[in-house]
4 protein chains.
Amino acid sequence: MKRLGILTSGGDCPGVNAVVRGAVLAGVRTGQYDFVGYLDGWSGVLSNNSVPLTLESVRGLSRLGGTILGTSRTNPITSGGAPAVIASMERDHVDGLIAVGGEGSLAAARILGESGIKVIGVPKTIDNDLSATDYTFGFDTAVQTATEAIDRLRTTGESHHRCMIAEVMGRNAGWIALHAGMAAGAHAILIPERRVSLEQAAAWVLSARNRGRAPLVVVAEAYVPAGQDAPYFPRGLDTFGRPRLGGIGYLLEEQLQELTGIECRATVLGHIQRGGAPTAFDRVLATRLGMAAVRAASKGEWGVMVSSRGTDITTVALAAAIGELHTVPEDRYLEAEMLFG
Amino acid sequence: MKRLGILTSGGDCPGVNAVVRGAVLAGVRTGQYDFVGYLDGWSGVLSNNSVPLTLESVRGLSRLGGTILGTSRTNPITSGGAPAVIASMERDHVDGLIAVGGEGSLAAARILGESGIKVIGVPKTIDNDLSATDYTFGFDTAVQTATEAIDRLRTTGESHHRCMIAEVMGRNAGWIALHAGMAAGAHAILIPERRVSLEQAAAWVLSARNRGRAPLVVVAEAYVPAGQDAPYFPRGLDTFGRPRLGGIGYLLEEQLQELTGIECRATVLGHIQRGGAPTAFDRVLATRLGMAAVRAASKGEWGVMVSSRGTDITTVALAAAIGELHTVPEDRYLEAEMLFG
Amino acid sequence: MKRLGILTSGGDCPGVNAVVRGAVLAGVRTGQYDFVGYLDGWSGVLSNNSVPLTLESVRGLSRLGGTILGTSRTNPITSGGAPAVIASMERDHVDGLIAVGGEGSLAAARILGESGIKVIGVPKTIDNDLSATDYTFGFDTAVQTATEAIDRLRTTGESHHRCMIAEVMGRNAGWIALHAGMAAGAHAILIPERRVSLEQAAAWVLSARNRGRAPLVVVAEAYVPAGQDAPYFPRGLDTFGRPRLGGIGYLLEEQLQELTGIECRATVLGHIQRGGAPTAFDRVLATRLGMAAVRAASKGEWGVMVSSRGTDITTVALAAAIGELHTVPEDRYLEAEMLFG
Amino acid sequence: MKRLGILTSGGDCPGVNAVVRGAVLAGVRTGQYDFVGYLDGWSGVLSNNSVPLTLESVRGLSRLGGTILGTSRTNPITSGGAPAVIASMERDHVDGLIAVGGEGSLAAARILGESGIKVIGVPKTIDNDLSATDYTFGFDTAVQTATEAIDRLRTTGESHHRCMIAEVMGRNAGWIALHAGMAAGAHAILIPERRVSLEQAAAWVLSARNRGRAPLVVVAEAYVPAGQDAPYFPRGLDTFGRPRLGGIGYLLEEQLQELTGIECRATVLGHIQRGGAPTAFDRVLATRLGMAAVRAASKGEWGVMVSSRGTDITTVALAAAIGELHTVPEDRYLEAEMLFG
């Protein structure tokens, strides 16, 4: 029997555990593979820090948030590269790797794949900003969690005749803002792909107020108003050494209150969007992706990413998957804009 | 300005109100249409029983379950046909109809369309069994509600070392059972498309027990065990005069207990699956479908159904949409089966 | 250091695990006790089937439904009595017992206590029908789960102009029905303590309909209409050998439809009411009860039950606790009745 | 028939609408009263800005968050006082007032009552900091919402080996922090009543980490670390002209990271705690309080506040109700502290 290694890297995401469970069940039940799980992403691979993954160890995982394997931001390319990874895999008698990760991890997987390492990627980001897949798991849960929170904000806004502002995640793309905003009936959605001005945002707020509504604004953390240079980085660096986003909601609270004269209150939803039990949608998607990764391995389809297309799970070359980020296209924003104000 | 009439018919479904809101906002905000809403489905059309639908009247609808227009099982074809519908539309100065309905209603819409009536269908069923669309709105909510309920059943099953059986909806297709079962980590999923025997079901239950688990079975109401003739119809006729499904869970409780010797407890989830606030997924899908219906009308695309394809909303001919029911294909069941036992 | 044994018996209940965690943390952190957990209730005590309970083993338990110790219906009095329990405790070097259970288990604890066994009871029932405590943990979760389900039923009832009937648990008392019915805005609540006639129930249904509402009926499984002899027992015996309740909702569906002419649809909520993650209210209550049990032990207060009184946790003699069942008093029903129809 | 006026003032709170519904149903169904609802708190009283409240207008209110009457911070004592209120009541033919409000509003009600105005108070605050009542409605919903959010934070903390910090509301009292923290299994709870030092908080965080846990800290917005002078007021003034709380979580993020060397991430839960559908517990409590207010009126018991005591609803003199704030007593904190670290 051959052995596959699974690792989960980058920001965590509801559904990661369901991928692990789906892969292990698919490999063990068909008698094709046994599994080791590398702890804390690529750092576990490089240090041969792993645990066996059996039917017993994946029990009950489909509904568990987070990742039982832990995660880290370690980049295998800059930490030893392919030779180090190959050496580790040999020590563990691992035939191939299933790497559950975001853009960075999939890019690393691609480079390792070009060095002959057998690797299959599973796309993972709550931001839904990966190309070559309709949806990434975790996104649906993030949108649902944000929507439920925004539904709560709406009732308090209406009681106090306030404008409520909800800041959601989205480092490079406004997908969570777009979907949660549409679902919650927002009067304005502000995303990085479409740099509307603060004056435009204020106009939407006033229009909603003039129709007797308590205005509701949903803003992605990386939104940059027209005429400004960069996103709002109020708080140090993150684990990658990148400036940390989060807090533009509070800035908008002041600015929109100033521009409209309406009392504004912001809530920054933050990490609740990436934690907790996945939605049924994400559990099914993640389970199927994990199973598909093993199916690809058993066919010798290495160097690919498993992908969601319509109702199907398919595979695409890693190279195709990691080109451009998948951002909100103009027509989707114009569609939503018709609901604003 | 032209006028569109909207009606909602057949079994209700989370997201219907979001369709209505999406359509009205798209038509009014673009200055193209005003709207009337027909009450209680086609019966409202035939009796000119309608209300004006304004921006004000669709306020807050995206998250409201049920349908503010009411619904009925009236079939316009057998209740006056095209001439009656045309007469009603003329009285109300209605240019075209948006019919939000299931298989029956879309079939009626097709026939009316062939008589020259301007009609656009919006597919609506929690069962997800319509062709020519990836998903129907309401399905995601039904699956999520069922999954949360089944998660609850699991903990009590484990405490008591019982086999828990959850019966979910699905008149013709096992989609809800398949997805909720996968999401909840069921040890057996029983659906009408795949008539496994009771002995096979019992074997999965025993296999789970032998691994120390509290077995969990998810069954679609229309499942027929191998060797039996028809679904289980324990309770009279429904509004269509069809035998009512619902209750096979209780029958399985006895039969699986007999076959396995394990104490079994069934829960028939019933109508909670079609009520309540829609998930964010369904709100977005339904809103976009409602907007797309108006877009189709404004382009003169009549006789079509709006449809979800990948991440897009598109249109298909009504004729194509209502051919065969969309049931669970064999490969999807085989994929899930790998997780059983 | 002394040792306490913990067991959980009878029907499971959200919050049992939080009791276990609270007790273990309180005992270990104060350096007073270590713990063993007996598996499957009194049967584990009698067979010395136990596991050590450490800080590590209670990790994360406050939010986990069910009981990690398992449960059974074994009655220690009829299975060896005090001598057998004493012998087991000596073998395990257990100084005292914390018994988490319902009426039967607390009655057994009392008898054992009178034989000199050091035992402290923790009241546990979703039915809230124990005397000498304001609330039992698990009740709040059951009511919340039932209320959310009934909220869902309401929207589908309104769309179809149907009367929706929700059957909830309550073997001897109508507390779940009373609270979930009030919370959900039911037009009639039917409980065993107050045997209103079917004609009265039908009158409330018709009154709601006449005001333009979709009637909503909440019925406790043990409700017996005036003029009938016994509850409805459609399905065999339970683990205790008692006739199983559950199903009167379906009977009412027929009877109320007949009496009112309104289409009725019943849902029997069943076991979802006793499973799943506890509400925050129940987690806090259960944690505090577990801690209080250890506090009582450390003071040598044996033969008592821990109890919730206002905002306090206190102790009462087991003898006082298990006298009469705590059923819905007349004034609470009359209060609710003002909301009917 | 006599007429009662209802007003809702101060910060909104889940369950306010259920109070209004309970009062109107109790008054109308007994044929004793009809009702007007004053808009936006005391400002509606003073300007005779009211709407009639009928059975129809309170339909469906038990589960609706916010307040349909709107609210404001207007203080009747400083805005005309008793004479102005009396004049307004006479113009509207209102016999007595039901004032649903927090500390300030109840204090005003007391003063008005001493001037001979017939007024009954209903205590309302998510903070649970009012004396003379076991619980205030809205508190349970706030705790439940916070607990669900913190459950989500926990899984992402564990995946990333981070310390997660959740800031909850509580202007004067740490009740929400205490209950949500206990329910979620926090390793440290920081409240204004108990000014533990940052070093103590850091010690708890390190202790949890040393046991292999991802530390979880719950902090009330008004917590002041030992040795500091005042709460953290990062953002201007609120509607009362008081400095706005909210944001200490972000400050702790830096400080605890510095003190412990563990990566920390804060989430400020904010307004989601006061919005949205009330829990079943709060719906029942609020409905009963509304009904009890009318019962008190019909008995001529003016100048009282309705109050929750154990399982009963009773009345207390307004004077008794508004003395001291109900803060977390030492024994409750010491009880919780046993679970820390």
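Cut-off values and rules
- Residues numbered from 1 in each chain as written.
- Chains lettered and ligands numbered in written order.
- Predicted model: local features only at pLDDT ≥ 70, side-chain atom pairs only at ≥ 80, totals over all residues.
- Heavy atoms only, no water.
- Helix = DSSP H or I, 4+ residues; strand = E, 2+ residues; numbered from the N terminus.
- Buried < 20%, exposed > 50% of the residue type's maximum accessible area, 1.4 Å probe, protein only.
- Contact = heavy atoms within 4.5 Å.
- Axes fitted to C-alpha atoms, helices over the stretch in contact; angles between N-to-C directions.
- Parallel < 35°, antiparallel > 145°, perpendicular 65-115°, else oblique.
- Left-handed = near helix turned anticlockwise from the far one by under 90°.
- Nonpolar A, V, L, I, M, F, W, Y, C, P; charged D, E, K, R; others polar.
- Buried area = accessible area lost by both parts, 1.4 Å probe.
- Salt bridge = Lys/Arg side-chain N within 4 Å of Asp/Glu carboxyl O.
- UniProt positions renumbered as here; feature names shortened; annotations may be inferred.
- Pairing = 2+ DSSP bridges.
- Phe/Tyr/Trp six-rings, centres within 6.5 Å; stacked < 30°, edge-to-face > 60°.
- 1 Å grid on protein atoms, 1.4 Å probe; cavity = no way out; pocket = protein on both sides within 12 Å on 5 of 7 lines; lining within 4 Å.
- Points joined across faces, edges and corners; volume = space filled by probe spheres on them.
- Polar contact = N/O pair within 3.5 Å; in protein donor to acceptor, adjacent residues only side chain to side chain.
- Least-squares fit on C-alpha atoms with pLDDT ≥ 70 in both.

**A closer look at the environment of Phe139(C)**
Residue and element names in this part refer to chain C.
- Residue position: Phe 139 is located in helix H5 (residues 139-160).
- According to the relative accessible area criterion, Phe 139 is buried, its value standing at 4%.
- C-alpha of Phe 139 to C-alpha of Asp 129: the two residues are 10 residues apart in sequence and 9.5 Å apart in space.
- Setting aside its immediate chain neighbours within four residues, Phe 139 contacts Thr 125, Ile 126, Asn 128, Trp 175, Ile 176, His 179 and Asp 282.

**Considerations on the packing of helix H7 (residues 198-210) of chain B against helix H8 (residues 248-260) of chain B**
Residues and elements named next belong to chain B.
- Contact geometry for H7 and H8: axes closest at 9 Å, N-to-C directions at 65°. Taken together, H7 and H8 sit at an angle that is classed as roughly perpendicular. Considering how the two elements wind past one another, H7 and H8 form a crossing that is right-handed. The residues of H8 that touch H7, namely those facing Leu 198, Glu 199, Ala 201, Ala 202, Val 205 and Leu 206, are Leu 252, Gln 255, Leu 256, Leu 259 and Thr 260.
- Along the lines of polarity and charge, the residues of the contact of H7 with H8 split into 8 nonpolar, 2 polar and 1 charged.

**With respect to the interface of chain D and chain A**
- At the junction of the two partners, chain D supplies 40 residues and chain A supplies 40 residues.
- Here chain D meets chain A over a buried area of about 3100 Å², counting both sides, of which 47% is carbon and sulfur.
- Inspection of the region where chain D meets chain A yields 4 salt bridges.
- With its nearest N and O atoms 2.9 Å apart, the salt bridge here joins Arg244(A) to Glu253(D).
- For the side of chain D that touches chain A, the elements supplying multiple residues, two or more each, are helix H5 (139-160), helix H8 (248-260) and strand E9 (264-268) of chain D.
- When residues of the side of chain D that touches chain A are assigned to their parent elements, the largest contribution, 9 residues, is made by H5(D).
- In the side of chain D that touches chain A, the residues fall into 9 nonpolar, 19 polar and 12 charged.

**A short note on the UniProt feature "active site" (unreviewed entry) in chain A**
Residue and element names in this part refer to chain A.
- The sites that carry the UniProt feature "active site" (unreviewed entry) are, in the present numbering, Asp 127.
- By relative accessible area, Asp 127 is classed as buried at 9%.
- Those residues in contact with Asp 127, other than ones at most four positions away along the chain, are Met 169, Gly 170, Arg 171, Trp 175 and Ile 176.

**Observations concerning the sheet that holds strand E4 (residues 96-101) of chain A**
Residue and element names in this part refer to chain A.
- Spatially, E3-E2-E1-E4-E5-E10-E11 is the arrangement adopted by the 7 strands of the open sheet, whose pairing is mixed. Each edge of the sheet is formed by a strand with only one pairing partner; in this case those strands are strand E3 (50-53) and strand E11 (312-317). Across the sheet, the mean angle separating the axes of adjacent strands is 30° when strand polarity is ignored.
- Pairing of strand E5 (residues 119-123) with strand E10 (residues 304-309), which is carried by 2 bridges, proceeds in the parallel orientation. Within E10, the position partnered with Ile 120 by the bridge is Val 304.
- Most of the contacts of helix H1 (residues 16-29) go to strand E2 (residues 33-38), to which it runs at about 155°, and overall it touches strand E1 (2-8), E2, E3, E4 and E5.

**Some details on the packing of aromatic side chains**
- A full pass over the atoms with the stated rule returns 24 aromatic pairs over all chains.
- Centre to centre, the rings of Tyr135(C) and Phe281(C) are 6.2 Å apart; their planes meet at 90°, and the pair counts as edge-to-face. In this pair, Tyr135(C) sits in the loop between strand E5 (119-123) and H5 while Phe281(C) sits in helix H9 (residues 280-298), placing the two residues 146 residues apart along the sequence. Across the pair, exposure class does not vary: Tyr135(C) and Phe281(C) are buried alike.
- Ring pairing ties together the aromatic residues Tyr135(A), Phe139(A), Phe281(A), Tyr135(B), Phe139(B) and Phe281(B), which thus form one cluster.

**Regarding empty space enclosed by the protein**
- Counted under the stated rule, the structure contains 9 cavities of 30 Å³ or more.
- Lining the largest cavity are 32 residues, with Tyr135(A), Phe281(A), Gly310(A), Tyr135(B) and Phe281(B) positioned closest to its centre.
- Among the elements of the structure, helix H5 (139-160), helix H9 (280-298) and E11 of chain A together with helix H5 (139-160), helix H9 (280-298) and strand E11 (312-317) of chain B are those that each provide at least two residues to the lining of the largest cavity.
- Across the lining of the largest cavity, the residue classes tally to 15 nonpolar, 9 polar and 8 charged.
- What lines the second largest cavity is a set of 29 residues, among which Tyr135(C), Phe281(C), Gly310(C), Tyr135(D) and Phe281(D) lie closest to the centre.
- Looking at the lining of the second largest cavity, the elements with two or more residues in it are H9 and strand E11 (312-317) of chain C together with H5, helix H9 (280-298) and strand E11 (312-317) of chain D.
- Sort the elements by how many residues they give to the lining of the second largest cavity and H9(D) lands first, with 5 residues.

**A short note on the interface of chain A and chain B**
- Listed as interface residues are 43 residues of chain A and, on the opposing side, 43 residues of chain B.
- When chain A packs against chain B, the two sides together hide about 4000 Å² of surface, and 53% of this comes from carbon and sulfur.
- Taken together, the links from chain A to chain B amount to 6 salt bridges.
- For Glu335(B), the salt bridge identified is with Arg295(A), shortest N-O distance 3.9 Å.
- Viewed at the interface, chain B and chain A are joined by 16 residue pairs in polar contact (both at pLDDT 80 or more).

**Examining the relation of the copies chain A and chain B**
- For the pair chain A and chain B, the superposition axis carries a translation of 0.0 Å, the fit reaches an RMSD of 0.0 Å, and the rotation angle comes to 180°. Such a turn and shift between the copies fits a two-fold axis. For chain A, the smallest separation between a C-alpha atom and the rotation axis is recorded for Gly310(A), amounting to 2.0 Å.
- With an isologous cut-off of 70% or more, the 100% of interface residues of chain A that recur at the interface of chain B puts this contact in the isologous class.

**Here's the deal with the sheet that holds strand E8 (residues 216-220) of chain A**
Residue and element names in this part refer to chain A.
- Spatially, E7-E8-E6-E9 is the arrangement adopted by the 4 strands of the open sheet, whose pairing is parallel. Edge positions in the sheet fall to strand E7 (188-190) and strand E9 (264-268), since each of these pairs with one other strand and no more. Each strand of the sheet is rotated relative to its neighbour by a mean of 15°, with strand direction disregarded.
- In the sheet, E7 pairs with E8 via 3 bridges, with the strands oriented parallel. Bridge assignment links Leu 190 to a residue of E8, and that residue is Val 219.
- Where H5 meets the sheet, it contacts strand E6 (163-168), E8 and E9, and its direction lies at approximately 165° from that of E6.

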